[in-house]
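Here is how the chains run, residue by residue.
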Amino acid sequence: MTLHIGRRLFSLAAGALLIAAATNADAEDEWRTISSLIGKSKYEAGFTRYDHVNPEAPKGGVLNSIATGTFDSFNPFIVRGTAAAGLRAFGGGLPYDTLMAQSVEEAGTSYPLIAEAFRYPDDYSSTTYRIDPRARFHDGEPVTAEDVVWSFETLKANHPLYNQYFHNVTEAVILSEREVEFRFDQKNNRELPHIMGDMPVLPKHWWEGTDANGKKRDISAPTLEPPLGSGPYRIKSFKAGAEITWELVPDYWGKDLAVNIGRNNFGERRYTYFLDDNAAWQGFTKGGLDDYRVENRAQKWATEYNFPAFEAGDVLKKAFPTESGEPMQGFALNTRREKFADRRVREALTWAFDFESMNRTLFYGLYKRTDSYFEGGELASSGLPEGRELEILEDYRGRIPDEVFEKPFTLPVYTGDNRKDRANLSRAFQLLKEAGYERKGSQLVGPDGKVFTIEFLGRDPSDGRVMGPYIEQLRKLGIDASLRVIDPNQYINRFRTFDYDAVTVVLAQSQSPGNEQREFWSSAAADAVGSRNAAGIKDPVIDELVDRVIFARDRAELVAATHALDRVLLWNFYVVPQWHNPDIWLAWWNKFGIPEKQPAYIGVDIDSWWIDADKAAVLEARRGTGN
C-alpha cells in the first residue's frame, strides 16, 4: 500500500496488468526482483536507493505527531478494537515488513523487502516468493516460510480486507524453509502474483506463544501487549488511549535495502492523542506536539496560518502536487436501508447538493468537484462510451441505466442564479415524486406513509460546518435531515457495521485497479463487517465489471473495463460526490532536513525527511524563552 500524505487514505494500490521482470528473459518461472503493474520500472535490478532520498541523512531525533480519538489495541489485523497510531490493517504499519515494498515513486511497482525475489508460470496460476535469508524479527528469529503461510491463513481468516484481496488465493504451500508457493483458483489473473507482495509477515512463534503472565496469545482478539515485528520501528512506551512512542530498531535487518536507504530516519515517532481536530489544531500551533500537519480544510489553509510561529518563520507551509490521482470523496448512501434502494431517490439527493456555493463561501474556491471514482488520469470515464468500453457496456444493455449510452455523466451546477438553482431542486423533487414520495405540509412522506429522514454520521464537531449547507438543501425538499456527531470509537464501530444512513467516505484508488475493487463494490463485501463497501452495493453487473477489471489482458483492456465500471457506478448514484484538492497541503515546524525533491507520484515522502539538530535546537530555545 502506498502511504499517500494528504486527503487520501492509504491507497490499496494493486491492479491488473503487466508483471514486468527487471530482466528481459522470457523463461517460465524465472526469478524476478522488480514488478510493475504499469510497465517497465524506473529502476533496474540491483538499484541501490530511490533517487529522491539523501543517503547520508542522519538518524535520530523525535518526530511528534497528533492522533485524534483514542486506541485500545495493538492488533490491526482484526475488525475489533481501535488500533494505535502507527499501525494499520493493510501492510501492518511501522513494526511490520511486507514481502515486497510498494514504490513511493511509481504506481503499481514493488521492490524486494522480506522477499528477495518471486516467480510465476506463464498462466499466472500460482506464484512463489523466496525469502531473503537476512530477514529477521526483532527477537532475532529468522523469517521463515512457515511464518509466511501462517500469516496468509491468519490474515485471510480474520479481516475482510485480506479475505477479499486474497479471494482467489486458495492456499499457501511451503516448498522449502525460504520458499512459499501461493496457489490460485483461476488462471490469467495478471495481478495475483504481484499482490501477494503486499502481505505483512507475522511471527508465528510469537503469536502462538504466551505473554508475560503465561496467557496464550490470540491473534483474533485486541491486545495491548506490544507486538513482535520485523519492520523499522517497535513500541518503546505507551499510555493506553493517550499516547504511544515508537523507536527505531537499531539492528533492523532491512536498513540497508534499496527501499530503506535514506528513509526511516527518525529515532522516535511519538503520537499524542487529542479528542478532535480542533484540539489537534491548537496542539499544532503550540509546537512540540505535532511537527507536521497535512491540512485538509481550505478555510484553515487560506486564513488561519497567521499564528505567531508561522509569522516568525518557525512554521512553513507548501502545496505539493501529486500524480497519483484523486480519491472519490462523497456521502455514501447506505442502500442496505430501504429508503435508498431506489436509484431515483439517490439521484435526487445528488441534484440537491450545491457544491459551487460551498466552494465559494466555505472553501475559498480552492477545491474541484469530483466526478469520477477514478479521478485524475486516464482511468476516469468521460463523454459517451466508445470503442472497447462501449463493447463491454453493450453486454449489459437493459441491466444498467439507459443514460449510460445516451448522455455523458455530469453533476448539477449551482451558478448563483436563483432561477437556475431552483430548477436543480425542482429536478430533485420530481425524481422523488417518481419514486412515490409526496409533500405533506413541510414534510416529504414516502409510499409507506413515513417522513423521509436522513441522519448523517460525523466524528468531529466541525463536521457541521461542511454538512450543514447540504442538510439545509435537503430540508427544502421536505426531508428531515440531521447530523449526529459521535466520538471516534463509536464512529469506527458504527462504520464497520454499516449502522448509518449516510456517511462521508474517501475512496482512494491506484492507477492499476484490481482485486481490491471487490472490497469496494462487490455483493460479497456488502455483508462483510469492516469492508469498504460503504454503500452496500449488491449488483451482479458491477460484480461482473469488477471481474473484467481484474482479468484485463493488457493496459488498454484495463482502461476500458475501468471506464465501464466507473460509468455504471456513477449512473447508479451510490455516492453523492463532494470535492478534491489536486495538491497536498503540508505545514511543518522548521526542524527538518528535507531532500531537494520529493517523489512526484505520492507528492511527499515524510520518511525521507530527517531531524536537523541545529534547527531543532533553535526551535526548542525559542519555546523555552517564550519567543
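Presented here is a report on the structure given in the accompanying data block. (Residues numbered from 1 in each chain as written. Predicted model: local features only at pLDDT ≥ 70, side-chain atom pairs only at ≥ 80, totals over all residues. Heavy atoms only, no water.)

Looking at the element boundaries, Ile542 is found in helix 17 (residues 540–550). Take Ile542: its relative accessible area is 0%, and that puts it in the buried class. In this structure, the C-alpha to C-alpha distance between Ile542 and Pro385, residues 157 residues apart in sequence, is 17 Å. Those residues in contact with Ile542 that lie beyond four places of it in its chain are Trp521, Ile537, Leu565, Val568, Leu569 and Tyr574. (Helix = DSSP H or I, 4+ residues; strand = E, 2+ residues; numbered from the N terminus. Buried < 20%, exposed > 50% of the residue type's maximum accessible area, 1.4 Å probe, protein only. Contact = heavy atoms within 4.5 Å.)

Each aromatic ring pair is summarised here by two numbers: the centre-to-centre distance and the angle between the ring planes. Across all of its chains, the model carries 55 aromatic pairs by this definition. Seen in terms of ring centroids, Phe307 and Phe310 are 6.3 Å apart; in terms of plane orientation they differ by 50 degrees. Their pairing is tilted. Under the relative-accessibility criterion, Phe307 is labelled buried at 8%. Its guanidinium or amino end placed over the ring of Tyr233, Arg269 lies 5.8 Å from that ring's centre, counting from NZ or CZ. (Phe/Tyr/Trp six-rings, centres within 6.5 Å; stacked < 30°, edge-to-face > 60°. Lys NZ or Arg CZ within 6 Å of the ring centre and 35° of its normal.)

A few words now on the pattern of salt bridges. Under the criterion given, the structure shown has 46 salt bridges. For the salt bridge of Arg263 with Asp607, the shortest nitrogen-to-oxygen distance reads 3.7 Å. Taken together, the residues span a long stretch of sequence, with Arg263 in the loop between strand 12 (243–248) and strand 13 (268–274) and Asp607 in the loop between strand 26 (592–593) and strand 27 (610–611) at a distance of 344 residues. This pair shows no difference in class: Arg263 is buried, exactly as Asp607 is. Counted as one network, the salt bridges with shared partners bring together Arg337, Lys339, Glu455, Arg484, Arg494, Asp499 and Asp501. (Salt bridge = Lys/Arg side-chain N within 4 Å of Asp/Glu carboxyl O.)

Ordered in space as 14-25-15, the 3 strands form an open sheet in which the pairing is antiparallel. The two strands at the open ends of the sheet, each matched to only one other strand, are strand 14 (292–295) and strand 15 (315–321). Direction aside, the axes of adjacent strands within the sheet are offset by 25 degrees on average. Each of strand 14, strand 15 and strand 25 (583–589) touches helix 5 (residues 277–286); the most contacted strand, strand 14, lies at about 135 degrees to it. (Pairing = 2+ DSSP bridges. Axes fitted to C-alpha atoms, helices over the stretch in contact; angles between N-to-C directions.)

As a further point, take the sheet that holds strand 12. Whether parallel or antiparallel, the strands of a sheet pair through hydrogen bonds between backbone atoms. Ordered in space as 2-13-12-11, the 4 strands form an open sheet in which the pairing is mixed. Sheet topology places strand 2 (62–68) and strand 11 (233–239) at the edges, where each strand pairs with a single neighbour. Each adjacent strand pair in this sheet contributes to an overall mean axis angle of 20 degrees, direction not counted. Bridge count between strand 12 and strand 13: 5 bridges; the pairing is antiparallel. Looking at the pairing, Glu247 lines up with Glu268 of strand 13. Running at roughly 160 degrees to strand 2, helix 5 makes contact with strand 2 and strand 13 of the sheet.

A few words on the nonpolar core. The biggest cluster of nonpolar side chains holds 84 residues, and the ones touching the most others in it are Leu99, Phe166, Phe182 and Met196. With 6 residues, helix 1 (residues 145–158) is the single largest residue contributor to this core. Apart from the residues within four sequence positions on either side, Phe182 is in contact with Leu99, Ser126, Thr127, Tyr129, Val148, Phe152, Val169, Glu171, Ala172, Met196 and Met199. (Core = buried A, V, L, I, M, F, W, Y, C linked by side-chain atoms within 4.5 Å.)

This part is about the packing of helix 17 against helix 18 (residues 555–571). Axis separation between helix 17 and helix 18 bottoms out at 8 Å; the angle between their running directions is 155 degrees. It follows from the interaxial angle that helix 17 and helix 18 lie roughly antiparallel. Where helix 17 crosses over helix 18, the two elements pack in a sense that is left-handed. Facing helix 17, whose interface residues are Ile542, Leu545, Val546, Arg548 and Val549, helix 18 presents Leu558, Ala561, Thr562, Ala564, Leu565, Val568 and Leu569. Considered class by class, the residues forming the contact of helix 17 with helix 18 number 10 nonpolar, 1 polar and 1 charged. (Parallel < 35°, antiparallel > 145°, perpendicular 65-115°, else oblique. Left-handed = near helix turned anticlockwise from the far one by under 90°. Nonpolar A, V, L, I, M, F, W, Y, C, P; charged D, E, K, R; others polar.)

Glancing now at helix 1. Taking 1.5 Å per residue as the helical rise, helix 1 with its 14 residues ought to reach 20 Å, and the 20 Å between its terminal C-alpha atoms agrees with that figure. Burial of helix 1 is extensive: 10 of the 14 residues sit out of reach of the surface. Among the residues of helix 1, those classed as buried are Ala145, Asp147, Val148, Val149, Trp150, Ser151, Phe152, Thr154, Leu155 and Lys156. Structurally, helix 1 contributes buried residues whose contacts are with strand 8 (126–131), helix 2 (160–165), strand 9 (169–176), strand 10 (179–184) and helix 4 (204–207). (Expected span 1.5 Å × (residues − 1).)

Right, let's get into the side chain of Ser324. Within the fold, Ser324 resides in the loop between strand 15 and strand 16 (328–333). Overall, Ser324 belongs to the buried group, its relative accessible area being 5%. Reaching out from Ser324, the side chain makes a polar contact with the backbone oxygen of Tyr601 at a distance of 3.3 Å. (Polar contact = N/O pair within 3.5 Å; in protein donor to acceptor, adjacent residues only side chain to side chain.)

Further remarks concern the pairing of strand 6 (residues 109–112). Bridge count for strand 1 (residues 35–36) against strand 6 is 2 bridges, and the pairing is antiparallel. From the neighbouring strand, Ser36 faces strand 6, where its bridge partner is Thr109. Alignment of strand 5 (residues 100–102) against strand 6, held across 3 bridges, turns out to be antiparallel. By the bridge assignment for strand 6, Ala101 is matched with Tyr111.

Attention shifts here to the pairing of strand 10. Burial within strand 10 is extensive, with 5 of its 6 residues counted as buried. Bridge count for strand 8 against strand 10 is 5 bridges, and the pairing is antiparallel. Looking across to strand 10, one finds that Thr127 is bridged to Phe182. Of the strand pairs in this sheet, strand 9 and strand 10 are connected by 6 bridges, and their pairing is antiparallel. Each residue of the ladder has a partner; that of Ile174, found in strand 10, is Val180. Two successive antiparallel strands, strand 9 and strand 10, enclose a turn made up of 2 residues.

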